Structure formats: structure tokens, C-alpha cells
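One letter stands for each residue in the lines below.
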Amino acid sequence: METMAMPTGQPWDSVWINLSAATLQPGPEPYGAIPDAAVGVKDGHIAFVGPRADLTDRAQALAHTVHDGGGWMTPGLIDCHTHLVYGGNRAREFELRLQGASYEEIARAGGGILSTVRATRALDDDALLAATLPRLDSLLAEGVTTIEVKSGYGLETDSELRMLRVARRLAEVRPVTVRTSFLAAHALPPEFRDDPDGYIDLVCRDMLPAAAAAGLVDAVDGFCEGIGFSPAQIRRVFETARSLGLPVKLHAEQLSNLGGAALVADYGGLSADHVEHLDEAGVAAMAKAGTVAVLLPGAFYALRETTRPPIDLLRRYGVPMALSTDSNPGTSPVTSLLLMLNMGCTLFRLTPEEALAGITRVAAQALGLTDRGTLRVGAWADLALWDIDHPAALSYAIGFNPCRAVVNAGVPRAPRSVA
Ligand code: DI6
Ligand code: FE
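Conventions and cut-offs
Residues numbered from 1 in each chain as written. Chains lettered and ligands numbered in written order. Predicted model: local features only at pLDDT ≥ 70, side-chain atom pairs only at ≥ 80, totals over all residues. Heavy atoms only, no water. Buried < 20%, exposed > 50% of the residue type's maximum accessible area, 1.4 Å probe, protein only. Helix = DSSP H or I, 4+ residues; strand = E, 2+ residues; numbered from the N terminus. Pairing = 2+ DSSP bridges. Donors = N, O, S within 2.8 Å, 3.2 Å for Na, K, Ca; no water. Tetrahedral: all angles 85-135°; square planar, octahedral: opposite > 155°, others 65-115°. Contact = heavy atoms within 4.5 Å. Near = heavy atom within 4 Å. Polar contact = N/O pair within 3.5 Å; in protein donor to acceptor, adjacent residues only side chain to side chain. Areas by Shrake-Rupley, 256 points an atom, 1.4 Å probe, with all protein chains shown as cover. Nonpolar A, V, L, I, M, F, W, Y, C, P; charged D, E, K, R; others polar. Salt bridge = Lys/Arg side-chain N within 4 Å of Asp/Glu carboxyl O.

Caption draft 1: Molecular detail of the pairing of strand 3 (residues 45-51). A large share of strand 3 lies buried, amounting to 5 of its 7 residues. Bridge count between strand 2 (residues 33-42) and strand 3: 6 bridges; the pairing is antiparallel. By the bridge assignment for strand 3, Val-41 is matched with Ile-46.

Caption draft 2: Structural detail: the coordination of the iron ion (ligand 2). The coordination sphere of the iron ion (ligand 2), as far as protein atoms go, consists of His-81 (NE2), His-83 (NE2), His-251 (NE2) and Asp-326 (OD), spread over 2.1 to 2.2 Å. Coordination at the iron ion (ligand 2) is irregular: its 4 donor atoms span angles of 81 to 167° at the metal. When the donor residues of the iron ion (ligand 2) are listed from N- to C-terminus, their spacing reads H-x1-H-x167-H-x74-D. You can see His-83 sitting in the loop between strand 6 (77-79) and helix 2 (91-98) and its partner Asp-326 sitting in the loop between strand 13 (321-323) and helix 13 (337-346), a full 243 residues away along the chain. Residue classification places His-83 among the buried positions, given a relative accessible area of 2%.

Caption draft 3: Summary view of the environment of Val-237. Topologically, Val-237 is positioned in helix 8 (residues 231-243). Each C-alpha atom of the pair Val-237 and Arg-205 lies 9.6 Å from the other, and the pair is 32 residues apart in sequence. The residues touching Val-237, leaving out its near neighbours within four places in the chain, are Ala-185, Ile-200, Val-203, Cys-204, Leu-208 and Val-220.

Caption draft 4: Up close: the site of ligand 1. Of all residues adjacent to ligand 1, which total 14 residues, the nearest are Arg-90, Tyr-103, Tyr-153, His-186 and Thr-331. The side chain of Arg-90 places a nitrogen or oxygen atom 2.7 Å from an oxygen atom of ligand 1. Thr-331 has a polar side-chain atom sitting 2.8 Å from an oxygen atom of ligand 1. Expressed as a share of its isolated accessible area of 320 Å², the protein-covered part of ligand 1 is 100%. Tallied by class, the residues present in the shell around ligand 1 amount to 4 nonpolar, 8 polar and 2 charged.

Caption draft 5: Molecular detail of the pattern of salt bridges. By the definition in use, this model includes 22 salt bridges. In this structure, Arg-168 engages Asp-218 in a salt bridge whose closest nitrogen and oxygen atoms are separated by 3.4 Å. In this pair, Arg-168 is assigned in helix 6 (residues 157-173) and Asp-218 in the loop between helix 7 (196-213) and strand 9 (219-224), connecting sequence segments 50 residues apart. Bridged by salt links that share partners, the residues Glu-148, Lys-150, Asp-221 and Lys-249 form one connected network.

Written as C-alpha cells, this is what we have:
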């Protein structure tokens, strides 16, 4: 456990006392917990975290502002897999699915992802931003400080770039860090209905290089599935990503097992996401490559799936597990990361500690971010404060938000004060 102050000689900007800290640092203490903790912040970064008794002076002498806490502090939450930027909604398909139509049938009939593509292409930047903000604000009210956002509802160069631009703009109008993933290999656009390889040609030759040249891509994603793209097609996209120096991740083994997890691991991928149908060979490949498993219980729940991700195998091989909303209009109309804690435990049998690590430390790893995700000296001071008496309370409650305050790079805000 880090307990040393940074050797600046300057007082900190602020310090939080009279609270417990769930640092999420690996170690003997569950949750990396520190009872009666102090957390000092300077220049947007954590300058001290440890027992209050280890402070070298009175809190008032160490920092300009002393926050008398109560409850628990965690790292700011990280939602590492979202499709937050899109137009329209698919409530009508929800009705059809309840009447017996499957997600795949709806997709093959031109609904599903393609109906969201039509609605998204129809919106300009401002309208797309306006459609997205209520969803983002819902996440931010629950202590989220970093999100990933994918493209994938444009499926043509201009619309894909527009989605990524709007995703980046979210960070200009709200207190949040945004990482963008290029997901043109999400569905086959109507223009290429009988020519999937022709579309992949376009993705590799034009779309991805254009998005990368515009500086809009932090990672490259794909949908490897019978209703998406084959491993051979995804491999071509990954080759292009590699030539551009971009990390990869993949929607893999969601509805069937095509070996996508082993494929993304082969490219040293950041994460394989969904993974309900993952087998032991895939788990072993991920373990070897250090690829994170991103679990998405919202999609599992909404699709009423019955095959659960192989949690025991992932544990046995030491594959880190992240949890995320997969916020999207089709299979996971979810804008609560706290609800994913509960579903991760109830549906997938994660422990509450694994679940909380999955939306903090491991979620940061899934995004390739080494500067956040735990409470430790030097990390960004992205923090969440909770009116709870134990961290398990975050997974236990359903539809209740005990977030009292959020801190973005050292700057506190009330949870719902962002709009
Ligand atoms: N898997 C999913 O769960 C989402 N995309 C994907 O590749 C679904 C997206 C949608 O139905 O709009
Ligand atoms: Fe997804």
C-alpha cells in the first residue's frame, strides 16, 4: 500500500478525511480497503492515500481545503464498453422480441443494428450530441468519470467519423474522459449487402486510415459473429490497425463460438468482450496475451441468454474481468453502471469485490489506461464518494444510487450537477 506523500514540499490542494477508502489496489485487504483513511490531492492527482494516522501534520496544515467525508471513497467509475452515441431507439423491437422474434431474425430482416444506422445517419453533429447527453448524464450521476464510446452506427466514412467526433465532444461539455473505439466492422451496411469482403476492403483501405488520420481512434473494435464478421474478415481489420499502430479489442463469443477471443489475443488485444461462449482454448490464449475479459450482463439479461461466461475458467487462468454497460439501443439499453455490479454478481456470480474491480482497476486495464482505476499516489484524482457502510452495498442495491459526490481531476462536483 502506498502511503507516502509526493515530495513537493507544497501543501496539497485538498484532502479528504473521516472516510474509508476502497483503493482497489491488489493486496491482502479486500477492496484494498483503508479504514479511517486520508486522501490528499494536488494538481489533479492523488498526492497521498493511507491511514489518516499516517498524516505528518493536521489535515488543515496539509491542504487548502479539507473535506470531512463520511462513507466510502472509491476510484471514479470507468465504463469501458459503450455504444453511447446513436440516434433513435429500438423500443418497438423490444416488443417484437417479447412476441418471440429473435435478435438474429430481426437483424436479418433489416432491423436491429441497421435501424439504428438509419436513425444515426439522419442526425447532424449537434443532434447526435443532444441525443447522447441524457444517457451520459445518467452514467455521470453514478460516479462515472471515464467512458469508452464506439462508432459502428455510421458504417460509411463520414458518419463513422461524425460518431467519433461527437464522442470526443462529450468530454468538452461534461466532466468525463472519453476513449474512442473505431467499430466500422459492426454490421454490413445496406450499400454492401451482398459483398461483405468489399465492405472490409473499404474499412481497411479508406475508413480506418481516415479516422486514424483525423486522430479520432484510440482502439479498433469489431463484431465477430455469424450476424457480424468472420474471423478472417476481422483479421484483415486488425492487420490494418496494427499497421497504424492502434490497439485492438473485439466483440467475441457473444452468441456463438467463432474463436474471436483467441484471434484478438493473437494481436495482443486489450479485451475480448461478451465471451459467453468462450472455451478453454480461448481463455488460455487471453491469459497468455494479457487480454481482459469484458463482461456485459446487461446484454445477457436483455437478450435473455442462458449461457454464462466461463467465470470459473477465467478465474483459474487469471484472466482479469471487467464489467461494463454495453450501453446500446438494441441489446443493452442500460445507462446504469451500478446496475451492472448487481447483475454481474447475481447473473454471473462475480463477487462484489470482483465486480467493483471490474468497473475500476480492470476497466482501466481494458482501455490501456495506466493512470487511473485505483486510489494510489500519482493517479488522476478521479474519485467517487458514497453514502454506504461497506463496498458490497454498491453491488447489493438495485436501482438505488448512493453517490454523494464525484471528483474529476481533483475538482469536486455534486453527482447530478453536470448538465
Ligand atoms: N454486440 C452487441 O451487443 C451490440 N453490438 C454488438 O456487436 C448490439 C448493438 C445493437 O444491437 O445495436
Ligand atoms: Fe457492444
